[in-house]
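So the chains spell out like this:
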Amino acid sequence: MTQSRMLIDLTQDSESEDQIMTKPPRLFSANLAHREFSSTIPLKRKSDRDSDSSASPLNAYTSVLQPNNGNINNIQATFKVKRRSEPYTPSPALESGSGTDLCVVVPSPSAQLKREIDTAEYIHDGELIALSQKFYPTDALEKRAARGTYPAARSVKRETYPFRIGNPGPFLTERERKPVVQTLCESLRRKLATIRGPPVTVAPGDEERLAQSTSSFEFVNKYKLRNGVAPIGQEFLAGCSCEEVCDPARCSCLTQEENSNERIIPYKTSREDSRFWGLSPEFMQRTSMIYECNALCGCNERCWNRVITQGRKVKLEIFFTGTRGFGLRSPDFIRAGQFIDLYLGEVITTTHADRREKAAAARNAPSYLFSLDFFINDDTIYVVDGCNFGAATRFINHSCNPNCKMFTVSRNHGDERLYDLAFFAVKDIKPGVELTFDYNPHMERVDKVAPGAVPCLCGEPNCRGQLWANKKKRRERF
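All residue numbers refer to positions counted from 1 along the written sequence of the respective chain. With pLDDT at 70 or above as the cut-off, local features in this predicted model cover only qualifying residues; side-chain atom pairs require 80 or more to be listed or tallied, and sums for whole chains, interfaces and linings still use all residues. Just so you know, side-chain values use all the structure's heavy atoms and leave hydrogens and water out.

- Naming follows an unreviewed UniProt entry, where the protein chain appears as Histone-lysine N-methyltransferase of Aspergillus calidoustus.
- In UniProt, the protein chain has this text filed under Subcellular location (unreviewed entry): "Chromosome". UniProt positions are given in the numbering used here, feature names are shortened, and annotations may be inferred rather than shown by experiment.

Given below as structure tokens:
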């Protein structure tokens, strides 16, 4: 087997500043790196100071490239380089063996490089690692994060700073700065102004108290549907085919009596004013759902069967009652059967209602929850919460002898989970008389209030003594 040797001369690419020679033309080719030599390479490259100085460097390079140059030891003699007496880098020797051997001729360092090496400082940080911690710190990100999280507190000697009393700024001297109570009162007035219909006011002297207790309460004009509550699709809704004004005898929005073709008519006109439509005395004795016309009906907005849709017609006033908190009354005369207002709030699921009721009981706060369980009475029903969002009816107190009653009203006849809770007067109410309704009409009278029960404070002669048998409010259907 033929043994081949390969020579790579790095001195041609990295010339020192002391190797003064003239580069020959581009005579090197790929054959130099892959030439076959028959004898060994010397251990180091030496300068021939005794050789003929007139020998041309070009001739020396040319002799290296001759294919039949003889012994490879002559390569060392061909380099005619003027050098100083410093030692130079030895080249590794080639060991004989089968196949192809590789020899690399490494250039000796220049004088400038030697001076830099001699004057270089050895950096040692203790633990030997791949990089210097001074120039390449491995914990730079951690230190930067620590500095940026909490800036270091400055050490200040307070005794070195003189204490000077100057003129106070405008924050302390501004006489027109509004007190907090005044700001809350202005916010309450803005909230009341957003309510649709006749004005809702506050009794004189009670505005500051109401503003403080309702600072987180918002008045709304319709339900606020929360997560988990979805109204029925429009494709399931329908209306009557009446024209202009509905005919009570054939309006399809009205329900029929059981085992009869007669329709249940909830409203009738007043004897004193034919323009007034309110609940009939017969219907006020019922617990039926009121079905009103809607936007899909053929009748117009002046239809007699759109009492709830036409909105509130009476003025309301919120006032402080004393032991029973705030109450609601009207400066107007209210006829029996007249619509007063809707009970509004957030519509939530029973799961959220239980959580809110539990939280209210933990802080001994009242709850304002009413279940929409007229058609369905299970855990899938929706609940109206008037604690943080609602109407002025949120302030109606309980009475065992009420002058108002809550009725359920449906304007979307196909939706059995979402409907309105409306207050109607069940008797004539004089101006300034407090509006009340029965929170728990199914509660029986007791001679002694049970321990832990919610007491009744209505003060009526027929007072039942308690509202609920325990502190947890029962969300009854009204």
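1. As for the overall build of the protein chain
- Secondary structure follows DSSP: runs of H or I at least 4 residues long count as helices, runs of E at least 2 residues long count as strands, and numbering of each begins at the N terminus. Scanning the protein chain from N- to C-terminus turns up eleven helices and 21 strands.
- Per-residue burial for the protein chain yields a buried fraction of 38% across its 478 residues.
- When contacts within the protein chain are restricted to residue pairs at least 6 apart in sequence, long-range pairs at least 24 apart make up 71% of them.
- In this description, accessible areas are obtained by the Shrake-Rupley approach with a 1.4 Å probe, and a residue is regarded as covered only by the protein chains that are shown. For the protein chain, the exposed area adds up to about 30,400 Å²; of that, 50% sits on carbon and sulfur atoms. Only protein chains enter the accessibility calculation, which uses a 1.4 Å probe; a residue whose area is less than 20% of its type maximum is buried, one above 50% is exposed, and one in between is partly exposed. Whether two residues are in contact is decided by their heavy atoms: any pair within 4.5 Å suffices.

2. As for the pairing of strand β18 (residues 420-425)
- Within β18, six of the six residues are buried, which leaves the element mostly enclosed by the surrounding structure.
- Residues D420, A422 and F424 line one face of β18 and the alternating positions L421, F423 and A425 line the opposite face, and both faces are buried.
- Here strand β11 (residues 339-342) pairs with β18 via three bridges, running antiparallel. Within β18, the residue paired with D341 across the bridge is F423. One requirement defines pairing of two strands: DSSP has to find at least two bridges between them.

3. A word on the packing of aromatic side chains
- A pair of Phe, Tyr and Trp rings is counted when the ring centres sit within 6.5 Å of each other, with Trp represented by its six-membered ring. The angle between the planes then sorts it: under 30 degrees is stacked, over 60 is edge-to-face, the rest tilted. Evaluated as defined, the whole model comprises 16 aromatic pairs.
- Each ring, one from F320 and one from F326, has its centre 5.3 Å from the other, and the planes form 70°; the classification is edge-to-face.
- Note on F320: relative accessible area 29%, which makes it partly exposed.
- Aromatic pair F374 and F375: ring centres 5.1 Å apart, planes at 75°, arrangement edge-to-face.
- Through a chain of ring-to-ring contacts, the aromatic side chains of F217, F219, F320, F326 and F395 assemble into a single cluster.
- Two conditions define a charge located above a ring, namely a distance within 6 Å from the ring centre to NZ of Lys or CZ of Arg, and an angle within 35 degrees of the ring normal. If you follow R209 out to its NZ or CZ, it ends over the ring of F320, 4.1 Å from the centre.
- The ring of F319 carries the charged tip of R329 above its face, separated from the ring centre by 4.1 Å.

4. A look at the sheet that holds strand β17 (residues 404-410)
- With mixed pairing, the four strands of this open sheet are ordered in space as β8-β17-β18-β11. Every interior strand has two partners, whereas the edge strands, β8 (290-291) and β11, have only one.

5. Some remarks on the sheet that holds strand β9 (residues 316-322)
- Pairing within the open sheet is mixed, and its three strands lie in the order β3-β9-β10. Whereas interior strands pair on both sides, the edge strands pair on one side only; in this sheet they are β3 (200-202) and β10 (325-329). Adjacent strand axes in the sheet meet at a mean angle of 35° when their direction is disregarded.
- Two strands pair when backbone bridges link them, and β3 and β9 are joined in this way by three bridges, in the parallel orientation. Whenever a helix is involved, its axis is fitted only over the stretch in contact; in every case the axis is a line through C-alpha atoms, and angles between N-to-C directions fall within 0 to 180 degrees.

6. Remarks on the confidence of the model for the protein chain
- A residue-level look at the protein chain finds 71% of positions with pLDDT of 70 or above and a mean pLDDT of 77.
- The quantity known as pLDDT measures the predictor's confidence residue by residue, on a range of 0 to 100. This stretch, residues 75-85, has a pLDDT under 50; its non-local contacts, to residues over four places away or in other chains, come to 30 contacts.

7. Section: the side chain of H398
- Summarising the element assignment, H398 is placed in strand β16 (residues 397-398).
- Residue H398 is classed as buried on the basis of its relative accessible area of 7%.
- By the criterion applied in these results, polar contacts are pairs of N or O atoms within 3.5 Å in which, for protein atoms, one can donate a hydrogen and the other can accept it, and in which residues neighboring in sequence qualify only through two side-chain atoms. In this structure the side chain of H398 is engaged in a polar contact, spanning 3.0 Å, whose partner is the backbone nitrogen of Y439.
- Discounting residues that sit within four places of it in the chain, H398 has contacts with T436, F437, D438, Y439, C456, C458, R464 and L467.

8. Details of the environment of S215
- With respect to the helices and strands, S215 occurs in the loop between α8 (207-213) and β4 (218-219).
- Considering only alpha carbons, one finds S215 and L188, 27 residues apart in sequence, at a separation of 7.7 Å.
- With near-sequence residues (within four places) excluded, S215 lies in contact with L184 and K191.

9. Details of the layout of surface pockets
- Computed over the protein atoms alone on a 1 Å grid, cavities are sets of points where a 1.4 Å probe fits but cannot get out and pockets are open sets with protein on both sides within 12 Å along at least five of seven lines; a residue lines them when it has an atom within 4 Å of a point. Grid points are joined across faces, edges and corners, and a volume is the space filled by probe spheres set on the points. Computed from the structure, the largest pocket encloses a volume of approximately 1,200 Å³.
- In terms of lining, the largest pocket is formed by 42 residues, of which the most central are A365, P366, S367, Y439 and V454.
- Element by element, the count of residues in the lining of the largest pocket is highest for helix α11 (residues 350-362), at five residues.
- Among the residues forming the lining of the largest pocket, the class breakdown is 22 nonpolar, twelve polar and eight charged.
- Considered as a void within the structure, the second largest pocket measures approximately 940 Å³ in volume.
- Together, 36 residues line the second largest pocket, and N221, K222, L342, R411 and D420 are the ones closest to its centre.
- When contributions to the lining of the second largest pocket are tallied by element, the ones reaching two or more residues are α10 (307-310) and β11. Asp, Glu, Lys and Arg are counted as charged, while Ala, Val, Leu, Ile, Met, Phe, Trp, Tyr, Cys and Pro are counted as nonpolar; the rest, among them Gly, fall into the polar class.

10. A closer look at the nonpolar core
- Buried Ala, Val, Leu, Ile, Met, Phe, Trp, Tyr and Cys residues form a nonpolar core when they are joined through side-chain atoms within 4.5 Å. Counting residues in each nonpolar core, the largest one holds 77 residues, and the members touching the most others are C240, C246, C293, L421 and F424.
- It is β18 that provides the largest number of residues to this core, a total of five residues.
- Beyond its immediate chain neighbours, meaning those up to four positions away, F424 contacts Y267, L279, I290, I308, G337, Q338, F339, I340, N403, C404, K405 and F407.

11. Re the pattern of salt bridges
- One speaks of a salt bridge when a side-chain nitrogen belonging to Lys or Arg is within 4 Å of a carboxyl oxygen belonging to Asp or Glu. Applying the stated criterion across every chain, the model contains 13 salt bridges.
- One salt bridge in this structure joins D247 and R250, with 3.7 Å as the shortest N-O distance.
- Overall, the relative accessible area of 32% leaves D247 in the partly exposed class.
- A residue is classified by how much of its surface remains accessible, and R250, at 49% relative accessible area, is partly exposed.
- Put simply, D385 and R356 hold a salt bridge, and the shortest N to O gap is 2.9 Å. Taken together, the residues span a long stretch of sequence, with D385 in strand β14 (residues 382-385) and R356 in helix α11 at a distance of 29 residues.
- The exposure class assigned to D385 is buried, which follows from its relative accessible area of 4%.
- Assessed through its relative accessible area of 29%, R356 is described here as partly exposed.
- Within the structure, one salt-bridge network assembled from shared partners comprises R226, E346, R356 and D385.

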